[in-house]
Every structure is written in C-alpha cells, then in structure tokens.
Amino acid sequence: MPRGRYSLHDPHDHTPLGEEHFHCADGPSGWRYVSRLTTPSGDPAGSVDLTIDQLGRPLRLELHAASWQVRGAALDGVTWVRTDPTGEHATEGNVRAHAFTGDSPAFLVATARLLRLEPGAPATRVRLVSFIAPVLAPRTLDQSWALLHRTAHTTDSGPLMVDEYQVSALDTGERHSVHLAGDVVLSAPGIELEDLDTPPSTFA
C-alpha cells in the first residue's frame, strides 16, 4: 500500500499550492486512492477519494474543496452530484465521457490504467469530466494520451518500471509529459513526489 506526499504548485509560475498526503492500494476488485490536501501554511484544503475497477472505470468518486462536494461514478458515461457551499441545493450532471479528472495525481494514474497503452502505440483520445478546486465546477474536455517510453530503473527493492506519457489537450494543442511508476506519479505539471514510504504497486 503506497503512502506518501506530493507537493503541488502552479505549473506556469511555480507558485506553491500546498500538499497532498495520500495512500492507495490495488486489490482484486480494483484500485483505491485516498488523500487529504493542505494549503502551503498547512491548513486543511479538501480531500480526494477515488475507487476504480479493474478496467479503470470510476466506481466511486468523492471530492471536497472549499465547502463544495462532488460525488460521482460511471453510469451512462459518468454521472455526478455537486453540492453548493450552503448544502441547500445540489445539481446533477451526466456526460458521455470515459472517466473523471482534476488536480489530484490520482486521476493521472486512473486514466493511464483505463487506457492501458503500450509503448509506441498510436495516441488514444479520451473524454474526461474535470473538477478543479476550489469550486469543483464540471468541465468536459478531450485529451490525447500516448505512451512514449517504458524504462527500467534499478532500485534496492528491484527494477522499477517508469512510463513516460505525452498528454495533449485537444482544444488548445498544449502538450506535457507525465511520468508514472505503477500507481504513483513521479512527476507531472504542477506535481512532484516528495515522500514515498513503500514501493508503488504494479498493475497487472
């Protein structure tokens, strides 16, 4: 069960945005990621609870940020309920999309598992619904993912396979790299792995 800490920053000007303290686990029914977020000063800033099945589809998503809450799952595409800060009203949404995404590194791992790409294979298009803090407003977006390289790195506990993905935003053409080792993000725009207590889990 990997457990660790990511530092989060603005990918453009590198302003610190806080930290995400996480643990995740792979099991016979899928993969679960749970985290709590803090501000740069250490104050609570929200939480992430994501469970995906063996095929990478979201079985359950729960996000909290600035009194906003989102709960979602894969149902006729993806379906969610977003609750406003007062708690008096809730809005439902449904989009013919493959999965969810957002600020958390969890979504990069989940998307990679959903696509199951092989090195050198053609890029794959994926439609996602994004929820970005602090208000968690939904936005549908299309991305293209390609697995460029899979490299073995020697560690004390054995070889560590690192995948380098190229992710392209199809609306803007912006491209960036994402480096994953199993169910842990090593680096991505705005994300740096700072601590890891145990080695990443390897997906079958």
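What you see is a predicted model, and the numbers here were worked out from it, not measured in a lab.

Enquirer: Tell me what's going on with the pattern of salt bridges, and back it up with residues and numbers.
Expert: Counting across every chain of the model gives 13 salt bridges. A salt bridge links Asp53 to Arg57; the nearest nitrogen and oxygen atoms lie 2.7 Å apart. Residue classification places Asp53 among the buried positions, given a relative accessible area of 10%. Of the charged contacts, one joins Glu62 and Arg71 as a salt bridge, the two residues approaching to 3.5 Å between their closest N and O atoms. Through salt bridges that share partners, Arg32, Asp49, Arg60, Glu62 and Arg71 make up one connected network.

Enquirer: Explain the pairing of strand S9 (residues 99-102) residue by residue, including any values.
Expert: Burial of S9 is two-sided: the residues Ala99 and Thr101 facing one way and the residues Phe100 and Gly102 facing the other way are all buried. In terms of strand pairing, S9 meets strand S10 (residues 124-132) through four bridges, oriented parallel. Along S10, the bridge assignment pairs Gly102 with Phe131.

Enquirer: Would you mind going over helix H1 (residues 105-115) in detail, with residue names and values included?
Expert: Counted residue by residue, H1 has 11 buried out of 11 residues, so it is predominantly covered. Listed in full, the buried residues belonging to H1 are Pro105, Ala106, Phe107, Leu108, Val109, Ala110, Thr111, Ala112, Arg113, Leu114 and Leu115. The first or second residue beyond H1 is Arg116, which carries a positive phi of 50°.

Enquirer: So, the environment of Trp31: which residues are in play, and what are the values?
Expert: Topologically, Trp31 is positioned in strand S3 (residues 30-38). It is 5.7 Å that separates the C-alpha atoms of Trp31 and Thr51, two residues lying 20 residues apart in sequence. In this view, Trp31 contacts Cys24, Ala25, Asp26, Leu50, Thr51, Ile52, Ala106, Val109, Arg113, Asp183 and Phe203; residues no more than four positions away in its chain are not counted. For Trp31, the side chain forms a polar contact with the side chain of Asp183, separated by 2.9 Å.

Enquirer: How would you explain the layout of surface pockets if you had to name every residue and give the values?
Expert: In this structure, the largest pocket spans a volume of roughly 1300 Å³. Around the largest pocket sit 49 residues that line it, and Pro11, Gly102, Asp103, Ile132 and Pro189 are the ones nearest its centre. For the lining of the largest pocket, the leading source of residues is strand S11 (residues 137-155), giving five residues. When grouped by side-chain class, the residues that make up the lining of the largest pocket number 25 nonpolar, 16 polar and eight charged. By volume, the second largest pocket amounts to about 590 Å³. Around the second largest pocket, the lining comprises 25 residues; the ones closest to its centre are Asp163, Ala181, Gly182, Thr202 and Phe203. With six residues, strand S12 (residues 158-169) is the single largest residue contributor to the lining of the second largest pocket. Partitioning the lining of the second largest pocket into residue classes produces 15 nonpolar, five polar and five charged.

Enquirer: Let's hear about the side chain of Asp183: which residues, and what values?
Expert: Tracing the backbone through its elements, the reader meets Asp183 in the loop between strand S13 (175-181) and strand S14 (184-188). For Asp183, which is buried and forms no salt bridge, the nearest opposite charge comes from Arg113, at a distance of 7.4 Å. Of the polar contacts made by the side chain of Asp183, one reaches the backbone nitrogen of Ser201; its length is 2.9 Å. The contacts of Asp183, once residues within four sequence positions are left out, are Pro2, Cys24, Trp31, Val109, Pro200, Ser201 and Phe203.

Analysis parameters
Residues numbered from 1 in each chain as written. Predicted model: local features only at pLDDT ≥ 70, side-chain atom pairs only at ≥ 80, totals over all residues. Heavy atoms only, no water. Salt bridge = Lys/Arg side-chain N within 4 Å of Asp/Glu carboxyl O. Buried < 20%, exposed > 50% of the residue type's maximum accessible area, 1.4 Å probe, protein only. Helix = DSSP H or I, 4+ residues; strand = E, 2+ residues; numbered from the N terminus. Pairing = 2+ DSSP bridges. Contact = heavy atoms within 4.5 Å. Polar contact = N/O pair within 3.5 Å; in protein donor to acceptor, adjacent residues only side chain to side chain. 1 Å grid on protein atoms, 1.4 Å probe; cavity = no way out; pocket = protein on both sides within 12 Å on 5 of 7 lines; lining within 4 Å. Points joined across faces, edges and corners; volume = space filled by probe spheres on them. Nonpolar A, V, L, I, M, F, W, Y, C, P; charged D, E, K, R; others polar. Lys, Arg positive; Asp, Glu negative; His and termini not counted.

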